[in-house]
Amino acid sequence: MPVVELLPRVLFVLGLGFLVANLRAARDLWRWARRRSAGLTVWTAPKPPFYAMSLAIGGAMGCLLLSALFVPRPLPALFGELMMFVYYGAAVPLSSRIMHGLYADGIWADAGFMPYAQIGGLTWQDRGDASTLIVVSRLTTLARRLPVPGQRLGEVRRVLRQKIAEHAIDFQGGPGLHLEGHDAREDV
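We now turn to the structure provided with this report. (Residues numbered from 1 in each chain as written. Predicted model: local features only at pLDDT ≥ 70, side-chain atom pairs only at ≥ 80, totals over all residues. Heavy atoms only, no water.)

## Overview of the pattern of salt bridges
Then step 1. If you walk through the whole model with that rule in mind, you get 4 salt bridges.
Then step 2. Across the pair Glu-81 and Arg-73 runs a salt bridge whose closest N-O atoms are separated by 3.0 Å.
Then step 3. According to the relative accessible area criterion, Arg-73 is partly exposed, its value standing at 22%. (Salt bridge = Lys/Arg side-chain N within 4 Å of Asp/Glu carboxyl O. Buried < 20%, exposed > 50% of the residue type's maximum accessible area, 1.4 Å probe, protein only.)

## Structural notes on the sheet that holds strand 6 (residues 130-137)
Then step 1. Taken in spatial order, the 3 strands of this open sheet run 5-6-7, and their pairing is antiparallel. At either end of the open sheet lies a strand with only one pairing partner, and these are strand 5 (119-127) and strand 7 (143-148). Within the sheet, the average angular offset between the axes of one strand and its neighbour, ignoring direction, is 20°.
Then step 2. Relative to strand 7, strand 6 runs antiparallel, the two being bridged by 6 bridges. Opposite Val-136, over in strand 7, you have Ala-143 as the bridge partner.
Then step 3. Sitting on the sheet, helix 4 (residues 153-165) is in contact with strand 5, strand 6 and strand 7, with an inclination near 160° to strand 5. (Pairing = 2+ DSSP bridges. Helix = DSSP H or I, 4+ residues; strand = E, 2+ residues; numbered from the N terminus. Axes fitted to C-alpha atoms, helices over the stretch in contact; angles between N-to-C directions. Contact = heavy atoms within 4.5 Å.)

## Overview of the sheet that holds strand 3 (residues 106-109)
Then step 1. Read from one edge of the open sheet, 4 strands run 1-2-3-4, paired in antiparallel fashion. In this open sheet, the two strands that pair with only one neighbour each are strand 1 (39-44) and strand 4 (112-115). Averaged over all adjacent pairs, the angle separating strand axes in this sheet is 20°, with direction ignored.
Then step 2. Pairing analysis gives 3 bridges linking strand 2 (residues 99-103) to strand 3, with the strands arranged antiparallel. Its bridge partner lying in strand 3, Gly-101 is registered against Trp-108.
Then step 3. Along the sheet face, helix 1 (residues 3-35) touches strand 1, strand 2, strand 3 and strand 4 and points at about 135° away from the line of strand 3.
Then step 4. Strands in contact with helix 4 are strand 1, strand 2 and strand 3; relative to strand 1, the strand with the most contacts, it is inclined by about 145°.

## Topic: the packing of helix 1 against helix 3 (residues 75-95)
Then step 1. At a closest axis distance of 7 Å, the pairing of helix 1 and helix 3 adopts a crossing angle of 30°. When the axis of helix 1 is compared with that of helix 3, the two are roughly parallel. The chirality of how helix 1 crosses helix 3 is left-handed.
Then step 2. When grouped by side-chain class, the residues that make up the contact of helix 1 with helix 3 number 20 nonpolar, 4 polar and 1 charged. (Parallel < 35°, antiparallel > 145°, perpendicular 65-115°, else oblique. Left-handed = near helix turned anticlockwise from the far one by under 90°. Nonpolar A, V, L, I, M, F, W, Y, C, P; charged D, E, K, R; others polar.)

Structural data, given as structure tokens:
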């Protein structure tokens, strides 16, 4: 089979993969829009690696789609190009606006939202001036990372202690809960 005939099929399969990624990003954005007013302590997450390159790819895909007005291509190929454009041109930039942190009903970490009822353990990774909260799921063998900016560390620890005291997180004496340690920033 010549490459010219194979390319539309490959783009269609890629388009299906990007469709799934776009739907997951839309779900995350919808979930975040519903709970953003319930943020207890939140902050802007760092941009993903190669963020500028993702935007450049989105722009290139937009130009490629515009060229379809002048150079007709098969519909499966256009579908793949459109899904890639939506991902790089809209889903990536919009997803980077999701505020990470502690919400009234759960924690939004690097891989998405986890309700307090699903949390099976918490632990801290401290590396110099950077601290990361590791949130372990009770339901699956899933752990999510939440890098905490230094200026928010004391506030995050205080809110976590409050949530545990309110029994929003029921650990049943299980391992992995490590909130001890004194941070001078907590006293301010």
